[in-house]
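Survey of secondary and tertiary structure
Chain residues, written in single-letter form:
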Amino acid sequence: FLYIRPILKHILVPFLIFLDILIFPFIIFRTWQFNPDIIYSNTSAENSGIFLAKILGKKHVWHIREFMKNDYKYYFIFGEKNKSRLINKSNKSIYVSNSVLNAVHEKNDEHKHIVIYNGIDSGISELSKLKVDLSTPVFGMVGVLDSAKGHELAFRYFKSLLDNLPNSKLFIYGDKEGGYKDKLVSIANSLDISDAIEFKGFVNSQKEIYSSIDVLLMFSRSEGFGRVTIESSLYGIPVIGYDNAGTSELIEDKQSGCLFYDKDEFISSVSFLMNQKNYNTVRKNAFNRSVLKYNVDLYCTKVYKTVSSL
């Protein structure tokens, strides 16, 4: 019932099946002791919940939060079509965006498949005043250092951006040390932009992160939802995001952020936001939209309604 990397797929399948057979009776027994009304699987990577529900005669809800294949290069060992069929065995399935829903199912069932955007609790009730010197903008990327987040492409686009905004900075927030960070440092050196890029490491305070940047860059091509996009918006920091997957659903281009598909569109988006009037309008729209559509109360209400309907 596991996702595994393709290179190990055929080697590990017999071992994984044996391990599942060995452990599963214990899981069934403990679940039977607990006797839940509903079994709730909170990720697409976990598959045992649906089997438990069928064996014990319980209702099942499956909450799909990510693109396993696109984000992590993980594949369901029996194929993606069978994964879709398995999810359809649930009484209800919830998806964090329409993009994730469409990636899982070729045909949608509006009675069983429900899109509920995540709710973000920032503790911010009103948009703070912000003075920004757009002649020396600070751009930021927030999240784990991983190739799926698009840092390498961002560096190349940022080099072109420096031709028009030579005093720009790019802050990289992320908690993953190792080979990929070394690769990014090497790329920055080869592009001769290392002086304009700062690796900030892991910072636990959202306020500290978003108070240090003027524009968030979202270069991931397959964000299921894009939590940092909403976090940034709630702090009044405009987002320039790659026009695909969940990011496209969270941003209204030139209204509550900017979307791009290539370097020219990226540079155009930056130029748009470097106009003070545009910048102020976008940050206000982004804040209002995020507070309205992606708040925790709305999220909890919709999830509770879905579960209660069973």
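Data block above holds the structure.
For the structure given in this document, a descriptive report is provided here. (Residues numbered from 1 in each chain as written. Predicted model: local features only at pLDDT ≥ 70, side-chain atom pairs only at ≥ 80, totals over all residues. Heavy atoms only, no water.)

1. Observations concerning the pairing of strand β3 (residues 59-64)
- Counting buried residues along β3, five of its six residues qualify, which places the element largely inside the surrounding structure.
- The parallel pair strand β2 (residues 38-41) and β3, bridged by helix α2 (residues 48-56), forms a crossover whose chirality is right-handed. (Buried < 20%, exposed > 50% of the residue type's maximum accessible area, 1.4 Å probe, protein only. Helix = DSSP H or I, 4+ residues; strand = E, 2+ residues; numbered from the N terminus. Right-handed = clockwise from strand over helix to strand, strands pointing away.)

2. Re the sheet that holds strand β7 (residues 138-142)
- Spatial strand order, β9-β8-β7-β10-β11-β12: six strands in an open sheet with parallel pairing. With one partner strand each, in any of the chains shown, β9 (197-201) and β12 (258-260) form the two edges of the open sheet. Between one strand and the next, the sheet's axes are offset by a mean angle of 25°, whatever the strand orientation.
- Taken together, the two bridges between β7 and strand β10 (residues 215-218) define a ladder with parallel strand orientation. The residue bridging Gly140 from the neighbouring strand is Leu216, located in β10. (Pairing = 2+ DSSP bridges. Axes fitted to C-alpha atoms, helices over the stretch in contact; angles between N-to-C directions.)

3. Overview of helix α13 (residues 296-308)
- The end-to-end C-alpha distance of α13 is 18 Å, a good match for the 18 Å that 13 residues give at a rise of 1.5 Å each.
- Here α13 has its buried residues at Tyr299, Val303 and Thr306. Around the axis of α13, the buried residues are gathered within 60° of arc, so they sit on the same side. Of the exposed residues in α13, the ones pointing more than 90 degrees away from its buried face are Asp297, Thr301, Tyr304 and Lys305.
- Here the buried face of α13 lies against β2, β3, β5 (92-95) and β6 (113-115). (Expected span 1.5 Å × (residues − 1). Arc of directions from axis to C-beta. Contact = heavy atoms within 4.5 Å.)

4. So, the sheet that holds β6
- The strand order β2-β3-β5-β6 describes an open sheet built from four strands, whose pairing is parallel. Two strands close off the open sheet at either side, each with one partner strand: β2 and β6. Taken pair by pair, the neighbouring strands of this sheet meet at an average axis angle of 20°, ignoring direction.
- Pairing analysis gives four bridges linking β3 to β5, with the strands arranged parallel. Counterpart to Val61 in the pairing with β5 is Lys92.
- Contacting β3 and β5, helix α4 (residues 80-87) runs over the sheet at an angle of about 135° to β3.

That is the geometry; function is a separate question.
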